[in-house]
Amino acid sequence: MNSKILTVREATLGVLRSFGVDRVFGNPGSTELAFLGDWPDDIDYVLGLQEGCVVGMADGYAQATGRPAFVNLHSAAGLGHALGNLFTAFRNKTPMVVTAGQQARSLLRMRPYLFAEDAEQFPKPYVKWSAEPARAEDVPAAIAQAFLTATQHPRGPTFVSVPSDDWARPASRPPARRIATEFAPDSAAIVRLGTAIAAAKRPAFVVGPEVDRNGCVDAMVAVAERAKAAVWASPMSSRSSFPELHPQFSGFLPASPGGLAHALRDADLIVVFGAPVFTFHVEGQCDLLDDGTPVWQVTDDPTEAASAATGDTIISTLPKAVEALLSALPHTIAREAAAGRPRPVVPAATNPIPSAYALSRLAALMPADAIVVEEAPSHRPAIQTFLPRPGADSFYTMASGGLGYSVPASVGVALARPGRRTVCLVGDGSAMYCIQAIWTAAQRKLPITFVVLNNSGYGAMRAFSRLMQAHRPPGIDLPGIDFVALANGLGCPGKRVTDVADLDHMLDEALASHGPALVDITVDPTISDLFASAPSHGVE
């Protein structure tokens with residue numbers, strides 16, 4: 001019964017179970033021991049060796065399961081270590097409840113060791129809601145509120161700071177509650193959008209990460225096929241929301257205003273689903289924002305709606321909106337279906353190994369249902385060209401631009417999808433941010449293939465320095481990192497590939513491994529244009 005007096009810890013564990021939490025991701029410290037002692041057998045404690053790894057693993061797990069993840073961090077310093085990936089979770093719109101220990105209430109007035117000053121303010125603005133409850137007995141209800149807030153659209157992380165002596169205090173279990181989070185679009189607006197799509201001659205759909213996050217890729221394909229529209233992936237999309245070998249898939253929009261306008265220059269109607277209008281990374285003139293091309297947006301995020309530079313917006317959760325739009329469209333539209341992008345020409349097998357060739361071989365060798373968790377920004381044009389993803393639940397990356405996500409996120413994804421191969425595709429610079437997560441993969445014998453595209457530096461910075469005409473900047477080259485030794489030291493076997501003749505064998509071996517395995521591929525350091533509207537089909 002709800003009136004039964006429990007400890008704060010017992011009541012909180014009941015809250016976790018009520019929200020379907022089967023794993024807690026954490027890195028423990030002294031301020032958390034009262035919560036962690038005599039840990040229950042029915043909740044798996046997933047240990048990360050650094051707090052950024054912990055949040056990254058929880059992010060991957062929540063993204064792959066669609067359920068909120070629970071994170072337990074150590075005090076203010078631990079939260080500080082985690083803030084980079086907490087920012088990524090915010091931009092990924094990941095449902096996640098983060099807790100951190102606080103010093104005992106009896107000591108707070110004296111600013112003790114491990115004291116977190118203004119603890120609830122620390123992670124703002126990159127959490128949806130945060131609290132340090134005024135009373136110990138309020139902790140379980142605050143954590144329940146954090147779950148309910150994290151799972152409402154737009155989803156995102158929340159935070160609760162818990163003083164260390166609260167866990168043993170008496171408390172009552174808060175009543176179990178559910179919030180129906182889906183909401184439907186304005187029906188008149190959907191009719192207007194359906195009419196506009198039917199009347200257009202060359203409509204273009206821009207699909208963003210929320211389509212896949214909300215489980216409506218198949219419905220999106222049905223709408224696109226009925227509309228016969230060209231389909232583009234939104235700039236910097238962190239998911240694969242449309243099958244990339246579909247005959248109507250036109251490619252990936254660049255995050256540059258001029259390049260995006262060039263790519264969409266033939267469209268007489270643009271409809272953006274589950275993404276901002278638009279995400280840019282560099283300055284420039286975007287003519288379509290001023291030339292009168294009709295733009296519509298469908299989003300569950302009121303902030304994205306208000307900040308759009310142009311067009312009309314329908315606010316709705318994506319499944320409801322896409323279903324309603326399919327019903328509003330005529331069954332037959334008299335125009336030819338848009339033609340998709342041409343198939344690329346695979347570059348020759350040469351030394352040094354072109355990253356495009358390495359990616360084409362990875363695409364050919366890995367299982368059809370493999371999940372790619374990516375963080376190789378300088379190789380993204382080649383990834384988008386030579387490693388096409390099939391859509392739903394097949395691709396994950398960070399929406400924030402902050403490095404350190406993919407290695408731990410691949411652990412979370414592998415925990416969520418134990419029957420499938422996870423491929424963590426990472427650059428050498430990116431890999432060094434949370435390399436410790438490989439230890440967790442090794443301890444749990446997770447089927448993850450870590451593929452390092454090693455160009456001995458921050459390749460994206462090489463590209464930016466050329467784009468911005470910054471000559472000879474320091475801190476870009478990264479010689480001498482031995483990823484095989486690092487992997488071996490963390491309990492994961494690894495091999496280095498320097499000759500293209502060895503590539504297939506090394507990839508095959510790593511992809512067949514029952515636990516994690518790492519392949520460090522020395523690739524050609526030449527970097528392509530990161531903001532081209534269509535990636536080159538030649539050697540990168």
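Residues numbered from 1 in each chain as written. Predicted model: local features only at pLDDT ≥ 70, side-chain atom pairs only at ≥ 80, totals over all residues. Heavy atoms only, no water.

Novice: I'm lost on the packing of aromatic side chains in this one. Help?
Specialist: Geometry of an aromatic ring pair is reported as the spacing of the ring centres plus the angle between the planes. Going through the model one piece at a time under the given rule, you end up with 13 aromatic pairs. On the numbers, 4.6 Å between centres and 10 degrees between planes, the contact of F19 with F147 is stacked. Of the two residues, F19 sits in the loop between α1 (8-18) and β2 (23-26) while F147 sits in helix α5 (residues 139-150), which places them 128 residues apart along the sequence. Considered together, F19 and F147 belong to a single accessibility category, that of buried residues. When the ring of F205 is compared with that of F273, the centres are 5.1 Å apart and the planes differ by 70 degrees; the resulting orientation is edge-to-face. You can see F205 sitting in strand β9 (residues 203-207) and its partner F273 sitting in strand β12 (residues 269-273), a full 68 residues away along the chain. Taking relative accessible area as the criterion, F205 reaches 0% and is therefore assigned buried. Through pairs of rings, three or more aromatic residues link up here, namely F19, F35, W39, Y45, F70, F147 and W167. (Phe/Tyr/Trp six-rings, centres within 6.5 Å; stacked < 30°, edge-to-face > 60°. Helix = DSSP H or I, 4+ residues; strand = E, 2+ residues; numbered from the N terminus. Buried < 20%, exposed > 50% of the residue type's maximum accessible area, 1.4 Å probe, protein only.)

Novice: Please explain unusual backbone geometry as it appears in this structure.
Specialist: For residues besides glycine, phi is generally negative; the peptide bonds are generally trans as well. Here the residue pair K124 and P125 is connected by a cis peptide bond, since its omega of 5 degrees sits within 30 degrees of zero. Relative to the assigned elements, P125 resides in the loop between β5 (96-102) and β6 (130-131). The amide bond that connects N351 to the next residue, P352, takes the cis arrangement and shows omega of -5 degrees. Mapped onto the secondary structure, P352 falls in the loop between α11 (318-328) and α12 (355-365). A positive phi angle is found at D118, which is not glycine, with a value near 50 degrees. You can see D118 is positioned in the loop between β5 and β6. The backbone phi angle of M236 is positive, close to 60 degrees, even though this residue is not glycine. Overall, M236 belongs to the partly exposed group, its relative accessible area being 39%.

Novice: Would you mind going over the nonpolar core with me for this structure?
Specialist: A general tendency of soluble globular proteins is for nonpolar side chains to be buried together. Core analysis: the biggest nonpolar cluster contains 51 residues, and L73 and F450 have the highest contact counts within it. Of all the elements, helix α3 (residues 51-65) adds the most residues to this core, at 8 residues. Apart from residues lying up to four places away in sequence, F450 is in contact with V407, S410, C424, I438, A441, C492, P516, A517, L518 and V519. (Core = buried A, V, L, I, M, F, W, Y, C linked by side-chain atoms within 4.5 Å. Contact = heavy atoms within 4.5 Å.)

Novice: Can you walk me through the sheet that holds strand β10 (residues 230-233) in this structure?
Specialist: Within a sheet, adjacent strands bond to each other through the backbone by hydrogen bonds, running parallel or antiparallel. Here 6 strands make up an open sheet; going across it, the order is β11-β10-β9-β12-β13-β14 and the pairing parallel. Sheet topology places β11 (249-252) and β14 (312-315) at the edges, where each strand pairs with a single neighbour. Geometrically, the sheet is characterised by an average inter-axis angle of 20 degrees between neighbouring strands, direction not taken into account. Where helix α8 (residues 217-227) meets the sheet, it contacts β9, β10 and β12, and its direction lies at approximately 170 degrees from that of β9. (Pairing = 2+ DSSP bridges. Axes fitted to C-alpha atoms, helices over the stretch in contact; angles between N-to-C directions.)

Novice: When you look at the confidence of the model for the protein in this model, what are you seeing that I'm missing?
Specialist: The predicted coordinates ought not to be read in detail in places where the model reports low pLDDT. Counting all residues, the mean pLDDT for the protein is 93, and 94% of those residues have values of 70 or more. Counting interchain partners and residues more than four positions distant, the pLDDT-below-50 stretch residues 533-540 has 28 contacts. (pLDDT = per-residue confidence, 0-100.)

Novice: Is there a simple way to explain α12 in this structure?
Specialist: Every α-helical turn comprises 3.6 residues, leaving residues that sit three or four positions apart pointing alike. Burial in α12 covers these residues: S355, A356, Y357, A358, L359, S360 and L362. Along its buried surface, α12 packs onto α13 (380-386), β17 (422-427), β18 (448-454), α19 (503-511) and β20 (517-522).

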